[in-house]
Amino acid sequence: MADEDWLPALESVKRGNRAAYAQVVDALWSRLAAFVGASGLRNGDLDDVVQQAFVRAWENLADLQEVSRFRPWLFTIAQNLIWDAVRMRQRQSLNKDELSYIQQQGRDPAYPEERVGRLKDLLPTLPDFHRQVLCLRFYEGLNCREIAELLQQNHSTVRSTLHRAQHTLRQALKEDS
């Protein structure tokens, strides 16, 4: 499904067509998995959080007033589940397999492979919040206001975090040149 092609299916779900929820899940699963993966959760926890986010969204769908707000709402549910998972376990650093999966979601084929490899190495070195903001901006295409709403942060905090994260990556890439 294209970017917002799942909206009619969700409207159908709200009208009682339970089977249409599978279309919504299929359309948004990989995006949500990329977001959850950016948090550093390992494969098993990643799948659990994604699945649980969709289950909680399903269970509370009646509370959603505007279907157009479903995606940010779903991502907020996932973010809360991530925090729960992190509190239950000590965080482990993002491994390269998960990072590769995340980067495959938004890779530009024209970008030199060695730079992509270097970015794979650098991304886990960023603070968690910086990594999340970068992934939401460049893999999900969200703007700073949407990211701020999703992460429940101030808009200016997200803008400055995005700027700092990009600056850190540019500096590291410049030092390699």
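Residues numbered from 1 in each chain as written. Predicted model: local features only at pLDDT ≥ 70, side-chain atom pairs only at ≥ 80, totals over all residues. Heavy atoms only, no water.

Undergrad: Help me understand the environment of Arg31 in this model?
TA: By the element assignment, Arg31 lies in helix H2 (residues 21-37). For Arg31, a relative accessible area of 24% corresponds to the partly exposed category. Put simply, Arg31 and Arg71 are 40 residues apart on the chain and 9.9 Å apart in space, counted from C-alpha to C-alpha. (Helix = DSSP H or I, 4+ residues; strand = E, 2+ residues; numbered from the N terminus. Buried < 20%, exposed > 50% of the residue type's maximum accessible area, 1.4 Å probe, protein only.)

Undergrad: In this structure, what is going on with the packing of helix H7 (residues 128-138) against helix H8 (residues 144-151)? I would like to understand it.
TA: A packed helix pair is summarised by two numbers, namely the angle formed by the two axes and the spacing between the axes. In the contact formed by H7 and H8, the axes pass within 10 Å of each other and the chain directions differ by 130°. Comparing their axes, H8 and H7 come out oblique. H7 and H8 meet at a crossing whose hand is right-handed. Contacts from Phe129, Gln132, Val133, Leu136 and Arg137 in H7 reach Ile147, Leu150 and Leu151 in H8. Within the contact of H7 with H8, the residues separate by chemical class into six nonpolar, one polar and one charged. (Axes fitted to C-alpha atoms, helices over the stretch in contact; angles between N-to-C directions. Parallel < 35°, antiparallel > 145°, perpendicular 65-115°, else oblique. Left-handed = near helix turned anticlockwise from the far one by under 90°. Contact = heavy atoms within 4.5 Å. Nonpolar A, V, L, I, M, F, W, Y, C, P; charged D, E, K, R; others polar.)

Undergrad: Mind showing me how you'd approach the packing of aromatic side chains here?
TA: The geometry of an aromatic ring pair is captured by two quantities: the separation of the ring centres and the angle between the planes. The tally for this structure, following the rule as stated, stands at five aromatic pairs. Where Trp29 meets Phe54, the ring centres are 5.6 Å apart and the plane angle is 5°; that geometry is what we call stacked. Here Trp29 is found in helix H2, whereas its partner Phe54 is found in helix H3 (residues 43-59), with 25 residues between them in sequence. Judged by relative accessible area, which is 31%, Trp29 ranks as partly exposed. Among the residues examined, Phe54 registers a relative accessible area of 4% and is labelled buried. (Phe/Tyr/Trp six-rings, centres within 6.5 Å; stacked < 30°, edge-to-face > 60°.)

Undergrad: Sorry, what's going on with the packing of H8 against helix H9 (residues 155-176) here?
TA: As a packed pair, H8 and H9 sit with axes 8 Å apart at the nearest point and diverge in direction by 115°. Classified by the interaxial angle, the pair formed by H8 and H9 is roughly perpendicular. The way H8 lies across H9 gives a crossing that is right-handed. For the pair H8 and H9, the contacting residues are Cys144, Arg145, Ile147 and Ala148 in the first and His155, Val158, Arg159 and Leu162 in the second. Split by residue class, the contact of H8 with H9 holds five nonpolar, one polar and two charged.

Undergrad: How do you make sense of the side chain of Gln132 when you look at a structure like this?
TA: Structurally, the position occupied by Gln132 is in helix H7. A distance of 2.8 Å separates polar atoms of two side chains, one belonging to Gln132 and the other to Gln79. (Polar contact = N/O pair within 3.5 Å; in protein donor to acceptor, adjacent residues only side chain to side chain.)

Undergrad: How should I be thinking about empty space enclosed by the protein in this particular structure?
TA: Leftover empty space is mapped by rolling, across the atoms, a probe with the size of a water molecule. In total, this model carries one cavity of 30 Å³ or more according to the counting rule given. Around the largest cavity, the lining residues are Arg31, Ala34, Phe35, Cys135, Leu136, Tyr139 and Glu140. Elements with a contribution of two residues or more to the lining of the largest cavity: H2 and H7. Per-element tally for the lining of the largest cavity: the top contributor is H2, with three residues. Classifying every residue of the lining of the largest cavity gives five nonpolar, no polar and two charged. (1 Å grid on protein atoms, 1.4 Å probe; cavity = no way out; pocket = protein on both sides within 12 Å on 5 of 7 lines; lining within 4 Å. Points joined across faces, edges and corners; volume = space filled by probe spheres on them.)

Undergrad: Sorry, what's going on with H9 here?
TA: The α-helix winds at 3.6 residues per turn, so residues separated by three or four positions along the chain end up facing the same way. With 22 residues, H9 ought to run about 32 Å at 1.5 Å a step, and its terminal C-alpha atoms sit 32 Å apart, in line with that. Of all the positions in H9, only Val158, Thr161, Leu162, Ala165, Leu169, Ala172 and Leu173 are classed as buried. Angularly, the buried residues of H9 cover 100° about the axis, an arc narrow enough to put them on a single face. Exposed positions of H9 whose direction lies more than 90 degrees from the buried face are Arg159, His163, Arg170, Lys174 and Glu175. (Expected span 1.5 Å × (residues − 1). Arc of directions from axis to C-beta.)

Coordinates in, geometry out; function isn't part of it.
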